Amino acid sequence: MTATPPATPQQLPGARAVPGLPADFRWGVATSAYQIEGAAAVDGRTPSIWDTFCRVPGAVVRAEHGDTACDHYHRMPEDVAMIAGLGVDTYRFSVAWPRVQPGGAGPLNPAGIGFYDRLVDRLLEHGVTPWLTLYHWDLPQELEDAGGWPARDTAHRFADYAEAVHAVLGDRVRHWTTLNEPWCSSWLGYRTGVHAPGRQDLGDAMAAAHHLLLGHGLATRRLREAGGDDIELGITLNLGDHAPADDSEADRRAARLADGMGGRLYLDPLFRGHYPEDVVADLAEQGVALPVRDGDLATIAAPLDVLGVNYYTSHRHSGTDEHGATTGPDGRPVDIDVPYERPRTAMGWEIVPEGLTRLLVRLEREYGVPTVVTENGAAFDDLPAADGSVPDGDRVAYLDGHIRAVADARAQGADVRGYFAWSLMDNFEWAFGYDKRFGIVHVDYDTQVRTVKASGEWYRDTVRLSREAAAG
């Protein structure tokens, strides 16, 4: 794949200590199974919804797929050594459900779970803490064929799977995340259809959202029972700061609706034991009800130890269109994205680090839960230099701004306990295929050669300097 030059000249900020971060602050990198592992039909792994979706004409750029990806399945030992060389103390990875439990039911596949068994041991040998995510979007295709996340039974299958994985890895893995970004799984997978499985139905999306949360709650209870006091449980949500463009009633309504569907629909049941009334009412206006049964909300609100926060950008909302109307032709409230007029990443996302500060402070104020930034990073069109190095100054500046935004949030009272850069290395970026590079390590997909980018070197040095400053 040929990278395009960056649109603007790159500046390479030097690594500096980030003040205000404690000595026990976690520094990590993050990946997900389908994006890096490859080996899609190796050692008993069966198809996931992403294997199927990638074969749908037009679903993924150039019909690319994760069959090989970064070949991490075969290159895991060298990748773990590379992680350790970056100086981080934590590695966030996900387990591929169809690799360890083919078909989504029954006993674990010895070869599949054996890979993660070796990965965990290798990480610990290198002094890196494993931070395990059970579900990062790769639902076994058989479960989708049976109804997918809109079907209640999938939540119970997920709890069975979680318990089985813990039975093998729980003696060495303390940090467990149930779900990664359930909004993406439900909304992008079942409403807009731009992610697997590619369905487009609001009722299905809301049923999926509820059953994802139910599966989280069921799994959390089982993991807590199995792990006792020595387990740290959490869920990861993708969140942003949603602000009205001005103080008009229409703009405030637009921001509230966006925040409701994108954030509070998940936060409120997890930490308050109920769905937000305004979101429920808005869904009712569209003829949709969440399929809540007696006891579901208590299950979903099972106590957690940490909230994972994935942050990339923030938004300002206007509820009035160019003609002065506050409702569209379909009768729904207008919601127009009003730019901050900031530089953008290759994904087209505006760079708004102060939005991360506002978000983390708000989570502390309104929900009172410890947080870890489990994903933060940016795609840019990295162009390797003639000497093979990758001088990605735009990414360095992005990471620097956002890590300092975390320190600002801590200074304002937010209990933020760690920061994980997304991503460890360039990888399969879902519907964008291999077009978008998020890694602090460059991957040549033809040769699978890894090259630590300038951002990786900068991150390594920033981690070291910040630790030294915290230690006094």
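Residues numbered from 1 in each chain as written. Predicted model: local features only at pLDDT ≥ 70, side-chain atom pairs only at ≥ 80, totals over all residues. Heavy atoms only, no water.

- As annotated in an unreviewed UniProt entry, the chain carries the name Beta-glucosidase and comes from Streptomyces bohaiensis.
- In its Sequence similarities (unreviewed entry) section, UniProt records this for the chain: "Belongs to the glycosyl hydrolase 1 family."
- Per UniProt, the comment on the chain under Catalytic activity (unreviewed entry) is "Hydrolysis of terminal, non-reducing beta-D-glucosyl residues with release of beta-D-glucose." (UniProt positions renumbered as here; feature names shortened; annotations may be inferred.)

### Details of the sheet that holds strand 7 (residues 306–310)
And then number 1: The 8 strands are arranged 1-2-3-4-5-7-10-11 in a closed barrel whose pairing can be described as parallel. Pairs of neighbouring strands in the sheet enclose a mean axial angle of 25°, with direction left out of account.
And then number 2: Two elements, strand 1 (residues 26–30) and strand 2 (residues 90–94), share 3 bridges in a ladder whose sense is parallel. Note on strand 2: the bridge partner recorded for Ala30 is Arg92.
And then number 3: Along the sheet, helix 5 (residues 110–125) makes contact with strand 2 and strand 3 (129–135), crossing strand 2 at roughly 170°.
And then number 4: Together, strand 3, strand 4 (175–180) and strand 5 (232–238) form the strand contacts of helix 9 (residues 202–227), whose direction differs from that of strand 4 by roughly 165°. (Pairing = 2+ DSSP bridges. Helix = DSSP H or I, 4+ residues; strand = E, 2+ residues; numbered from the N terminus. Axes fitted to C-alpha atoms, helices over the stretch in contact; angles between N-to-C directions. Contact = heavy atoms within 4.5 Å.)

### Section: the pattern of salt bridges
And then number 1: One pass over the structure, following the stated rule, counts 43 salt bridges.
And then number 2: The closest approach of N and O atoms between Asp171 and Arg172, which form a salt bridge, is 3.0 Å.
And then number 3: Exposure remark for Arg172: the relative accessible area of 22% places this residue in the partly exposed category. (Salt bridge = Lys/Arg side-chain N within 4 Å of Asp/Glu carboxyl O. Buried < 20%, exposed > 50% of the residue type's maximum accessible area, 1.4 Å probe, protein only.)

### A look at helix 14 (residues 393–411)
And then number 1: Between its first and last C-alpha atoms helix 14 spans 27 Å; for 19 residues at 1.5 Å apiece the expected length is 27 Å, and the two agree.
And then number 2: For helix 14, the tally of buried residues reaches 14 of 19 residues, placing the bulk of the element in the interior.
And then number 3: In the stretch just after helix 14, Gly413 is the one whose phi turns positive, near 105°. (Expected span 1.5 Å × (residues − 1).)

### Points about the UniProt feature "active site" (unreviewed entry) in the chain
And then number 1: Under the UniProt annotation, "active site" (unreviewed entry) lies at Glu375.
And then number 2: Topologically, Glu375 is positioned in strand 10 (residues 371–375).
And then number 3: Excluding residues that lie within four positions of it along the chain, Glu375 makes contacts with Arg92, His136, Asn180, Glu181, Val309, Asn310, Tyr311, Tyr312, Phe420 and Trp422.
And then number 4: In terms of polar contacts, Glu375 uses its side chain to reach the side chain of Arg92, at 3.1 Å. (Polar contact = N/O pair within 3.5 Å; in protein donor to acceptor, adjacent residues only side chain to side chain.)

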